Amino acid sequence: MKIKRLDETIINQIAAGEVVERPASVIKELVENALDAGASNIDVTIHNGGQTYIKVIDDGHGMDKEDLELAIERHATSKLTNTDLAHITTMGFRGEALPSIGSVSRLKITSGVEGAEQGWVLLVEGGKKTPPHPCPPFRGTKIEVSDLFFATPARLKFMRTPATEQGHISDTFNRLGLAYPHVGFTLRNENKVLAEYPAASEVKTRIQQVLGHEFMENATSLEAQRGALTLSGFVSIPTYNRSAATHQYLFVNGRHVVD
């Protein structure tokens, strides 16, 4: 059998498996893009646990027509200003999220830069792109993802119930909210607000928004330093505990990690 090159659409759908595991993965990637774009407020809307519809709106820098066309190309990114992979200062840098999402869903991106006479809309359906077309002026970026995994039906059987997927989304949303207290976050299920965290000047305010007053009333601050490394946060007192490891959040340079 002769070796042949795979079709670009197939390549992107295979690569999507490394980036898009479930609706929560999509929201993680899109919200991180919004954070890298300097957003002050991020609004997320989901339908049916994110399986049928996801919308993420931010008020970040936005994109013009040229950037929008490049944004859906694999390994095209604005986040690597040099080739030094040892000093990454952004949440993302590989340039794979949008093309991966677009290869397995119906993707619509509306974006524009401040002061521009018009914004731009770009559509990707199962990896097939259409040229951007103009729209009324728009500052920031709105991304809509419909029918996740319609182009890769085998992946649909791994989806859980809408309630379970919504739970994963809420957990991802809370992690991002805790890591970036200076940014306002809103999560909606259709028209119902599931969580709303106004921008906070102090991390303890955001912790209280996410974990509640009771936690903060039973927590003590933690501060430590060794060489160039610093550790800070809040830990509950011994008499305030849970039977499971939920509500344990650890971040390294703004990235949530699980040990």
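The structure this text deals with has already been given above.
Each value, and the rule that gives it
- Residues numbered from 1 in each chain as written.
- Predicted model: local features only at pLDDT ≥ 70, side-chain atom pairs only at ≥ 80, totals over all residues.
- Heavy atoms only, no water.
- 1 Å grid on protein atoms, 1.4 Å probe; cavity = no way out; pocket = protein on both sides within 12 Å on 5 of 7 lines; lining within 4 Å.
- Points joined across faces, edges and corners; volume = space filled by probe spheres on them.
- Helix = DSSP H or I, 4+ residues; strand = E, 2+ residues; numbered from the N terminus.
- Nonpolar A, V, L, I, M, F, W, Y, C, P; charged D, E, K, R; others polar.
- Pairing = 2+ DSSP bridges.
- Axes fitted to C-alpha atoms, helices over the stretch in contact; angles between N-to-C directions.
- Contact = heavy atoms within 4.5 Å.
- Salt bridge = Lys/Arg side-chain N within 4 Å of Asp/Glu carboxyl O.
- Buried < 20%, exposed > 50% of the residue type's maximum accessible area, 1.4 Å probe, protein only.
- Parallel < 35°, antiparallel > 145°, perpendicular 65-115°, else oblique.
- Left-handed = near helix turned anticlockwise from the far one by under 90°.

Caption draft 1: Geometry of empty space enclosed by the protein. The tally for this structure, following the rule as stated, stands at 1 cavity of 30 Å³ or more. Along its surface, the largest cavity is lined by Asn-12, Ile-72, Leu-98, Pro-99, Gly-102, Ser-103, Val-124, Gly-127 and Lys-129. In terms of residue count, helix α4 (residues 97-104) provides more of the lining of the largest cavity than any other element does, 4 residues in total. Along the lines of polarity and charge, the residues of the lining of the largest cavity split into 4 nonpolar, 4 polar and 1 charged.

Caption draft 2: Highlighting the sheet that holds strand β6 (residues 140-146). The 8 strands are arranged β5-β4-β3-β6-β2-β1-β7-β8 in an open sheet whose pairing can be described as mixed. Looking at which strands have only one partner, the edges of the open sheet turn out to be β5 (128-135) and β8 (192-197). When the angles between neighbouring strand axes are averaged without regard to direction, this sheet yields 10 degrees. One ladder, built from 6 bridges, connects strand β1 (residues 41-47) with strand β7 (residues 184-189); its direction is parallel. Its bridge partner lying in β7, Ile-42 is registered against Phe-185. Each of β3 (106-112), β4 (119-125) and β6 touches α4; the most contacted strand, β3, lies at about 140 degrees to it.

Caption draft 3: Summary view of the pattern of salt bridges. Considering all chains together, one arrives at 8 salt bridges under this definition. Salt-bridge contacts for Arg-22 lead to Glu-165; the nearest nitrogen and oxygen are separated by 3.0 Å. Note that Arg-22 is positioned in the loop between α1 (8-19) and α2 (23-36) and Glu-165 in helix α6 (residues 162-179), a separation of 143 residues in sequence. Of the two residues examined, Arg-22 and Glu-165, each falls in the buried class. For Arg-188, the salt bridge identified is with Asp-43, shortest N-O distance 2.7 Å. Placement of Arg-188 in strand β7 and of Asp-43 in strand β1 is noted, with a sequence separation of 145 residues between them. With a relative accessible area of 18%, Asp-43 lands in the buried category.

Caption draft 4: Examining the pairing of strand β10 (residues 229-236) more closely. Examined bridge by bridge, strand β9 (residues 219-226) and β10 share 8 bridges and lie antiparallel to one another. Bridging from a neighbouring strand, Thr-220 pairs with Val-235 of β10. Connecting β9 to the next strand, β10, in antiparallel fashion are 2 residues, including Gly-227 with a positive phi near 60 degrees.

Caption draft 5: Summary view of the packing of α2 against α6. Relative to each other, α2 and α6 sit at 25 degrees, their axes nearing to 8 Å. Judged by the angle between their axes, α2 and α6 are roughly parallel. Judged by the sense of rotation from one axis to the other, the crossing of α2 with α6 is right-handed. Residues Pro-23, Ala-24, Ile-27, Lys-28, Val-31, Glu-32 and Leu-35 of α2 touch α6, and the partners they reach there are Glu-165, His-168, Ile-169, Thr-172 and Leu-176. Grouping the constituent residues of the contact of α2 with α6 by class yields 7 nonpolar, 2 polar and 3 charged.

Caption draft 6: Up close: unusual backbone geometry. Residue Asn-48 is not a glycine yet carries a positive backbone phi of 55 degrees. Relative to the elements of secondary structure, Asn-48 occurs in the loop between β1 and β2 (53-58). Look at Asn-253: it is not a glycine, yet its phi comes out positive at around 55 degrees. Relative to the elements of secondary structure, Asn-253 occurs in the loop between β11 (250-252) and β12 (255-257). You can call Asn-253 exposed: its relative accessible area is 78%.

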